[in-house]
Amino acid sequence: MRNIKIGLFVCLFLACLSGCQANKETTTETSEESIVIGFSQSGTESSWRKRHTESIRTELEKEGYEVLYRNGYMNQERQIQDIRSFIVYQVDAIVFTPIQENNWEPILEEAAQAGIPIFVVDRHVNVSDPSLFLTHIGPSFKAEGNRAGLYVSNYYKEHQNETINVLELTGLDATSPTYLRSEGFRETIKRDYAHNNVTIQVKDELNGDFIRRKGKEVIEQYIAEGKMEQIDVLFSHNDEMTLGALEALEKTDIEPGKDLVIVSIDAQKEMIDKLKQGVVNCVVECNPDAGVFVKNAISRYLARGADAIPREIYVHETVFSSDMDFDQIPPRNY
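Since the model is a prediction, treat every value here as computed from it, not as a measurement.

**Focus: the packing of aromatic side chains**
Moving on, step 1. A full pass over the atoms with the stated rule returns 6 aromatic pairs.
Moving on, step 2. Judged by centre distance (6.0 Å) and plane angle (40°), the ring pair of Tyr 151 and Tyr 155 falls under tilted. Placement of both Tyr 151 and Tyr 155 in helix 5 (residues 141–155) is noted, with a separation of 4 residues, approximately one turn of the helix.
Moving on, step 3. With relative accessibility at 33%, the residue Tyr 155 sits in the partly exposed group.
Moving on, step 4. Taken together, Tyr 151, Tyr 155 and Tyr 156 form an aromatic cluster joined through their ring pairs.
Moving on, step 5. In this arrangement the basic side chain of Arg 311 is found over the ring face of Phe 133, its NZ or CZ atom lying 4.4 Å from the centre.

**Structural notes on the pattern of salt bridges**
Moving on, step 1. On inspection of all chains with the given rule, the structure shows 23 salt bridges.
Moving on, step 2. A salt bridge links Asp 289 to Arg 51; its shortest N-O distance comes to 2.8 Å. Of this pair, Asp 289 sits in the loop between strand 10 (282–285) and helix 10 (291–304) while Arg 51 is found in helix 2 (residues 47–62), placing the two residues 238 residues apart along the sequence.
Moving on, step 3. Where Glu 240 meets Arg 212, a salt bridge forms, and the shortest distance between an N and an O atom there is 3.1 Å. Of this pair, Glu 240 sits in helix 8 (residues 239–249) while Arg 212 sits in helix 7 (residues 212–224); the two residues are 28 residues apart in sequence, bridging distant segments of the chain.
Moving on, step 4. A single network of salt bridges, built from pairs that share partners, joins Glu 45, Arg 49 and Asp 122.

Quick notes on the rules
- Residues numbered from 1 in each chain as written.
- Predicted model: local features only at pLDDT ≥ 70, side-chain atom pairs only at ≥ 80, totals over all residues.
- Heavy atoms only, no water.
- Phe/Tyr/Trp six-rings, centres within 6.5 Å; stacked < 30°, edge-to-face > 60°.
- Helix = DSSP H or I, 4+ residues; strand = E, 2+ residues; numbered from the N terminus.
- Buried < 20%, exposed > 50% of the residue type's maximum accessible area, 1.4 Å probe, protein only.
- Lys NZ or Arg CZ within 6 Å of the ring centre and 35° of its normal.
- Salt bridge = Lys/Arg side-chain N within 4 Å of Asp/Glu carboxyl O.

Next up, the structure:
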């Protein structure tokens, strides 16, 4: 009988020990539950966009955050459904890069009702209630246009009694990079063109949707209409369209970089190579490495709340031109 009592005591002790251990593991799991970030990217239409995605995912994962990534494939309705899936999953924060500015209000209201903060990255959104998103993180698109316009103004400052015709190759309609880059460029050439009676004007505007193929098509059509001979400067809103335009120009006698001054925005590796070859004259950087800014903003929000986050967080950018020391250009990994 004594042996039976001892055996029962041992069994009860082991059961209690097992229960305590199980409870400890459950408590540990709860306390170390990972932060989940929903990340909706607008697409993969360029090397720049792929680098942008890589930068954000890498930095968030390095911080220990779990990232639920979705690719919108240049479709707003798909992005809206992806964001709704994040809300259902009850993520801790949503990061998204809007394909265009408008029609986001209903889904952002759903996120607000669920208490999920929104971090808008790259392009802007147009909403009547600014509190629907916590912050915007990305480039100053207008400043990029200003820098492009300043290069053109300086390029022609020694010329006299001329009218300089610019062909502007614009990006996707209803997006902040398109209208802000155009606004910044035109504002600068209007303010700065009065050198020795030189007038710089945007003679024509073509839309290339930020896509290489579309950029090539619209420039080919412009060449076929016999209009390119009147153009002194090509100002393109992104490298992909510029590369398409260069393909179209190969079929002409126009020598890019000499007969036609070319200014592009982005600074992908392929375009920097064209700059070094003298095919383009100026490349305004649009920095895709937003990841560290996104990570820092989320970490600050989680630690200190919404009041610790500014409404605008700009990434740093620069300009590369044909008259600089190319050894100063850092390696481009995209």
